[in-house]
Amino acid sequence: MQSHARVVVIGGGVGGLSALYHLCQEGWTDAVLLERNELTSGTTWHSAAQCPSVAFNQLLLLLRDYTIKLYKELADDPAYPINYHHATGGMRLLTNPKHVDEVHHIISVARGLGIDFDLLDAAEAQRRNPLLNIDGVLAALWDEQDGDIDPAQLCQALAARSRKMGATIHRNTPVTALKQLPGDEWQVTTPQGKITAEHIVIAAGYRANEVGALMGVEYPVIAMEHMYFVTEDIPELAERPTRVPMVRCPRHTFYMRQEKKGLLVGIYEHDCKTFGMDGIDPDFVNALCPDDLDRLLPKMDPIFERLPCLQEVGIKSVVNGPIAYASDAGPLVGKQPGLRNCWSMNGLRVGIGEGGGYGKMLAQMMVHGETEWDSWQLDPRRITRFANTEFTALKSIEDYQHEFRWHLPHEHRPAGRPAKSSPLYPVLKAKGAEFGVVNGWERTEFYKPNADFEPTHGYTFQNWHDVVGAEVEALRKHVGLAELSGFNHYRISGTGALDWLNGLTCSKVSTKPGRASLCYFLTPKGNIAGEATIVPLPGRDIFYGSAAAAEYHDMDWLTERLPKGSDIRIESRTNTHTMMVIAGPKTRDLLAAVSPRTRWGQSDFPWLTTQRVLVGHVEALAIAISYSGEQAFELHIPNTQLYAAYEVLTKAGEAFGLSHFGMFAIDSMRLEKGYGHWKGDFVTEFNPVEAGLHRFVDMTKEFPGKSGLQAQVNVGNRKERVVLEVLSNKAPAQPGEGVFADGASIGSITSAAWGYRTGKNLAMAYIDPNHSEPGTEVEVLLIGDTVRATVCPLCLFDPENALPRGIA
């Protein structure tokens, strides 16, 4: 065995082999893969191996589209032919109107990417698959590219191509120790010897936490047992010259595909089981869990009704094997938080169907520092420490039980909640707060008007629409309070810390104590990597604030760029402090009442400045900054005194008409201002010029990504961020949906909400520059209807910022 390699991949299933193949394609051919047994001896070997192109968001649609194209190319290679039933076709059965709305949303998202799906009526679905009973079926989503593949042949083809490019694969070579060396290389120990690697990729399937334990990592990954059965031959199939299309049923949570002349039927039962929570037998190799058909019995009757042929045929075999799930059902593909040169390819619940895309994405990140897609939905850093094994089990059971039931807009399912909450959680809940979840934190979306109010979810405007409007109106007339738990908050100190931060961002960082700067960090190619508010405080400390989801991402980004030998310290206050926002025309009056030792006049405490203040007897950091466009302050308060500050504010607020508001109101107001948010509107697929953030870019200074940005600016904008007025009172747009001109795709929506102050149905989008001029008419596809939309000025409400500046 060689003693050094550029990269060592640990795990020989589809994830590890896809990573190896794509790393070689990107030029990293000094690569070694280690497999504890034989290739594909984990989940891969017993996979049902379906390859649909339908997915519920842009990134997964693109990854599946790439995967299918890769598999087709591999299958057509005469040197290593693969049994791939490409383009058999598949359908998703829709049995209630919300299912139909869901697929109209997906059709819009896909069409914006140049991917086409069809909506079939029930009769046409039955014509294409005559095994179906279509009672109760309203329609079916048709996926022309759907198919299935032999997983072992697929992996052997990837292995063969990788070896041909120079990679080495060692079977029966378990990893027994992992140690990071002072130069950030990794020492990988096996019974056959040690390898020193610049990078390691952990692709260990349901054994991810066994490997993770070797380096002190607990992945938010567990395995679930999953059963499918294969029938004996079915006469209708024996007589057909072609294969029947695949079927997936959200109502009864099963899938069906042809297996030779019988059927393979997989079921996601409610009485499901986790696997390996207390350890996994070392000899569990090419193995299965015990059959347990009794668990499936409650699901069988409706499946037999949907597929009557099953009532007349026997079961030939049952497969019950473990599949890895992460705590939000998405895989963990990318940088391992807190470690250098360590990469994750774990939690691959749909490893075969998306595996080609995962490998390409990871290889691009490792070799080039970024990928062509914004990969945040799969980034391991999106899930922080709250997601331990027990939490992951609760969420995985919930996700398994809802396998084919996509989340409706703003739907946050209950398992594992509350995972993280501020001291105000029970207080706000008692006031009627309806909570969503951000990075595990319970955060108020809106306040229910009465105890009996039950929020609805769907793709049209819902029953809370006017409730949110009332929150905006109350704030606009008087003053409102919002708690934003989980806001990412660091304190940075040390010699030269401000100069160091200034050198990392493309934006100008104020050196004036108390002056806030909004700053952007770029990828090597000049796209948007991060966004933060930076404030030098009196003394040597620096306030750094960013989105709640950025907790691990930003810490990694900063610590990896610390100067060697520096005494700069980054202290996270994300879990010890909470932000409250006070906003509205009476904001300064209320704050003056509770904090009389501070001068709250506009000239004493102007917009974009910061002071330490006392709210009653509670010390807080106050920042005059507004995401709503109204007079507003952020108050950053220790959790130990958060309730005390809240009590002072709410009691004093009675005299000023204080109300409460949540994230839905904030989203409405920030869209009216044209403000984007990180990983919603500001993603790594676009640069700050395309995002309309020119004023935050200083090309006279040096910063990471400058040459990449300059190269992009020289070529011209690919897309431009715009605000659209959608001419519909029926439904808002949804993130990911396509924008069109004369039927041709010109871009996609990134976020949307009703603007209550402007009376407009608003959406933010990136579209082709030749359609981005205000006044241009375009179209959006909303729940099956083509709806006109008009490009607006980026800021529709108070474009001069007269309100927060106090000059209105």
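See above for the structure.
Residues numbered from 1 in each chain as written. Predicted model: local features only at pLDDT ≥ 70, side-chain atom pairs only at ≥ 80, totals over all residues. Heavy atoms only, no water.

Draft legend 1. Layout of the overall build of the chain. Helices and strands together make up the secondary structure of the chain, namely 19 helices and 38 strands. Taking 2.2 N^0.38 as the reference for a compact globule, 808 residues should give roughly 28 Å; the C-alpha atoms of the chain span a radius of gyration of 27 Å, in line with that estimate. Taking the principal axes of its C-alpha atoms as reference, the chain extends roughly 85 × 65 × 50 Å. By sequence separation, contacts in the chain at least 24 residues apart represent 71% of the contacts at least 6 residues apart. When the accessible area of the chain is evaluated, it comes to approximately 30,400 Å², of which 50% is carbon and sulfur surface. The average position of the 77 basic charges and that of the 96 acidic charges among the side chains of the chain differ by 5 Å. (Helix = DSSP H or I, 4+ residues; strand = E, 2+ residues; numbered from the N terminus. Rg over C-alpha atoms; globule rule 2.2 N^0.38 Å. Contact = heavy atoms within 4.5 Å. Areas by Shrake-Rupley, 256 points an atom, 1.4 Å probe, with all protein chains shown as cover. Lys, Arg positive; Asp, Glu negative; His and termini not counted. Charge placed at Lys NZ, Arg CZ, Asp CG, Glu CD.)

Draft legend 2. View of the pairing of strand β26 (residues 542–546). Of all five residues that make up β26, five are buried, and the element is covered over most of its length. Here β26 shows two buried faces, one formed by Ile-542, Tyr-544 and Ser-546 and the other by Phe-543 and Gly-545. Bridge count for strand β23 (residues 488–493) against β26 is five bridges, and the pairing is antiparallel. Each bridged residue has a counterpart across the sheet, and for Asn-488 the counterpart in β26 is Ser-546. Strand direction decides the pairing type here: strand β25 (residues 528–536) and β26, joined by four bridges, are antiparallel. Among the inter-strand pairings, Ile-534 is bridged to a residue of β26, identified as Tyr-544. Connecting the antiparallel pair β25 and β26 is a turn made up of five residues, with Gly-539 showing a positive phi of about 95 degrees. (Buried < 20%, exposed > 50% of the residue type's maximum accessible area, 1.4 Å probe, protein only. Pairing = 2+ DSSP bridges.)

Draft legend 3. Structural detail: the packing of helix α1 (residues 14–25) against helix α9 (residues 351–368). Two elements in contact, α1 and α9, have axes separated by 8 Å at closest approach and are oriented at 40 degrees. Classified by the angle between their axes, α1 and α9 sit oblique to one another. Here the hand of the crossing between α1 and α9 comes out right-handed. Two secondary-structure elements touch here, α1 through Val-14, Ser-18, Ala-19, His-22 and Leu-23 and α9 through Gly-351, Ile-352, Gly-355, Gly-356, Gly-359, Lys-360, Leu-362, Ala-363, Met-366 and Val-367. Residue composition of the contact of α1 with α9, by class: eight nonpolar, six polar and one charged. (Axes fitted to C-alpha atoms, helices over the stretch in contact; angles between N-to-C directions. Parallel < 35°, antiparallel > 145°, perpendicular 65-115°, else oblique. Left-handed = near helix turned anticlockwise from the far one by under 90°. Nonpolar A, V, L, I, M, F, W, Y, C, P; charged D, E, K, R; others polar.)

Draft legend 4. The side chain of Arg-306, seen in detail. Among the structural elements, Arg-306 can be located in helix α8 (residues 297–306). At 2.6 Å, the side chain of Arg-306 and the backbone oxygen of Asn-133 are in polar contact. Once you skip the residues sitting within four places of it in the chain, Arg-306 turns out to touch Leu-93, Thr-95, Leu-131, Leu-132, Asn-133, Ile-134, Asp-135, Val-137, His-252 and Phe-254. (Polar contact = N/O pair within 3.5 Å; in protein donor to acceptor, adjacent residues only side chain to side chain.)

Draft legend 5. The arrangement of the sheet that holds strand β28 (residues 577–583) in detail. Here six strands make up an open sheet; going across it, the order is β29-β30-β31-β28-β22-β32 and the pairing mixed. The strands lining the two open edges of the sheet, one partner per strand, are β29 (610–615) and β32 (658–660). Pairs of neighbouring strands in the sheet enclose a mean axial angle of 30 degrees, with direction left out of account. Taken together, the five bridges between strand β22 (residues 479–484) and β28 define a ladder with antiparallel strand orientation. By the bridge assignment, Leu-484 is partnered in β28 with Met-579.

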